[in-house]
Structure formats: C-alpha cells, structure tokens
Amino acid sequence: MAAPEWATREPCLMGIDEAGRGPVLGPMVYGCMYCARSYNDTLATLKFADSKTLKEDQREELFESLKDNSSIGWEVDVICPKELSAKMLKRSKVNLNEISHNSAMGLVKRALDMGVLLAEVYIDTVGDPEKYRIKLTEKFPGIKFVVAKKADSLFPVVSGASIVAKVTRDRALRKWAFDETAQNMHMNTGSGYPGDPATKQWLEDHKHPIFGFPTLVRFSWGTCKPFFNNAVEVTWESDEVEEDAGSNGSCKRQVKLSSLGFSGFKRKSEEIESTGKGRCKFYQARKLELIRRFQ
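The structure reproduced in this document is the subject of the present report. Because the structure is a prediction, the values reported are computed rather than measured.

Calculation rules
Residues numbered from 1 in each chain as written. Predicted model: local features only at pLDDT ≥ 70, side-chain atom pairs only at ≥ 80, totals over all residues. Heavy atoms only, no water. Buried < 20%, exposed > 50% of the residue type's maximum accessible area, 1.4 Å probe, protein only. Helix = DSSP H or I, 4+ residues; strand = E, 2+ residues; numbered from the N terminus. Arc of directions from axis to C-beta. Contact = heavy atoms within 4.5 Å. Salt bridge = Lys/Arg side-chain N within 4 Å of Asp/Glu carboxyl O.

**Description of helix α4 (residues 81-89)**
- All of the buried residues in α4 are Pro81, Leu84 and Ser85. The buried residues of α4 occupy an angular sector of 95° when the element is viewed end-on, so they sit on one face.
- Those residues of α4 that are buried are in contact with β2 (28-36), β3 (72-79) and α5 (96-114).

**Let's talk about the pattern of salt bridges**
- Under the counting rule described, the total for this entry stands at 15 salt bridges.
- The closest approach of N and O atoms between glutamate 56 and arginine 174, which form a salt bridge, is 2.6 Å. Taken as a pair, glutamate 56 in helix α3 (residues 56-68) and arginine 174 in helix α8 (residues 156-174) lie far apart in primary sequence, 118 residues in all.
- When its relative accessible area of 40% is taken as the criterion, glutamate 56 is described as partly exposed.
- On the basis of relative accessible area, arginine 174 is assigned to the partly exposed category, the value being 47%.
- For the salt bridge of lysine 67 with glutamate 64, the shortest nitrogen-to-oxygen distance reads 3.4 Å. Highlighted residues: lysine 67 and glutamate 64, both in helix α3, separated by 3 residues, approximately one helical turn.
- Taking the relative accessible area as the measure of exposure, lysine 67 reaches 36% and is therefore partly exposed.
- Glutamate 64 gets classed as partly exposed once you look at its relative accessible area, which sits at 32%.

In structure tokens form, the structure reads like this:
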C-alpha cells in the first residue's frame, strides 16, 4: 500500500498510542496517525482528545471524520489474545512491554516502507520514557522521537492515534466471532478488566475444565489462574529420549523396520515399526503406527 502523495513530499509527524493493554479479554490494538508537519496547527483545531475522555459516539464520529480527511493517514496493528498469550507463555517469554514496543516500531517501519517522510514521532510511553526513546532512536536514526507519559492528552497527533486504536478495538469486540462452537456464549463481558465483577462472571460462565477459555481470553493473565484450581489435570507424554545418541547427547528414539533386519519399499519416514515400539507410550499401548495421507 502506497502512502498519500503529500506524505512522500513533505516532512511528516506521527502519533502512536494503544488501546486494550490491561483487559483480560480481546485484542490489544496499536494505532498511528500521521500528517504533514505543516498541517499540525490545523490538526489542533479538529477536537481530537484522549479517547478515554470521550464517549463512544464521540470517538466513532471523530474516527469517521479523520478517515474522510485527505490530509491525514492512519494504520493499526491488532494483536489477538491468542498471540499475546502464546508470546507471554512461550519458553523464551516475551513480556507485554516488549510486545508493545515491537508493535509501535512495526507501525513506524510500515509507514517508512510505504514512503512516508517521517520527521517526528510522538508516542505514549511504555516503561521508562528515556530508555524507550533511546531504543526507538537507535532503531530509526534520523527521526526525532518524543516519548512522554499521557502523550495522548499532550499532542493532538497522539490523541488522533488514541481514537484510531480505541475505535478499532471496540469494533473488534462488538463483531467478535467465536472460534468455538459451544452454545450459550455471549458478549456480556463488562469492561473486560480483571477487577470488573461482570468480567469475572463472564470468565466463570465460559471456563471449560479441559479446554480452558475461548480464544477471546488472554489466558496468560494471572486473572485466569484461580478459575482452574479444580480443572482436569492433563499429562503430555513425549517420545522416549536416548541419552547417548546423536551429536548433542540425546535424540528421539524411532525404531524402523530396516534396523530390525527387514527391508521393503516404504520411504524411510514411513518405516516406523507397526507396534509403535520406541515411540510415546500412548502409541505403544495401542499399537498405533504413523500413516501418511496424500491429498
């Protein structure tokens, strides 16, 4: 996608803000808005404000007006609950601050790749403002970064980005389509914040003792843990490991027919012994073998 023509000819300002960092439900959305530096005085007259200070209908109206404004550009990065949880729970964990930083930097890179002549970027801080500013400056030398607490109430371009992010998240929640097919799911979620009684009740209503929560939920949040104190315990078995095999001292055992003195026309990857010997105990007990399907 190409940038507007004016954005490729004039130095531009960009504001970046997020919506949905704290809730246990729904996506976290980063939004940006940019305009020519010469348009900044006009931008200040458009009544953009921190989205948290506006009513929903006001945010919707302002979002539609900025979409129709040919002197403004905007982009969003929607990070779904499943992605947030997967990153925060993986073996090499990615914390929420790093996820936030990466999303913001991704929006800057996207604008640059589109051809926007970014001169200044204003952003609401995540963590220490000065450390964040240095990190951004090292990543994108030549761009002036202003990182500040409550930036969405200080700079109109960040206020606009705040509206972009908030409206995008609100619409995503209103139109949320559950991946799960269980009946009686509803969206009476309350605010989505962990301390909201309505949100806690929704979590209670939608928990499953084996499968956990629907994908609307950020299951990495500490809020979710108490709901599964009496959940079904599941043990996952891995293939047996042979300690003295391979260059790194261990490898998965996979007994093949050829190693037992048999030969045939099967591909090597299909030569797993039909008894399942050497594989996970689940397969051994049931004498299951690997079958490869071709479409």
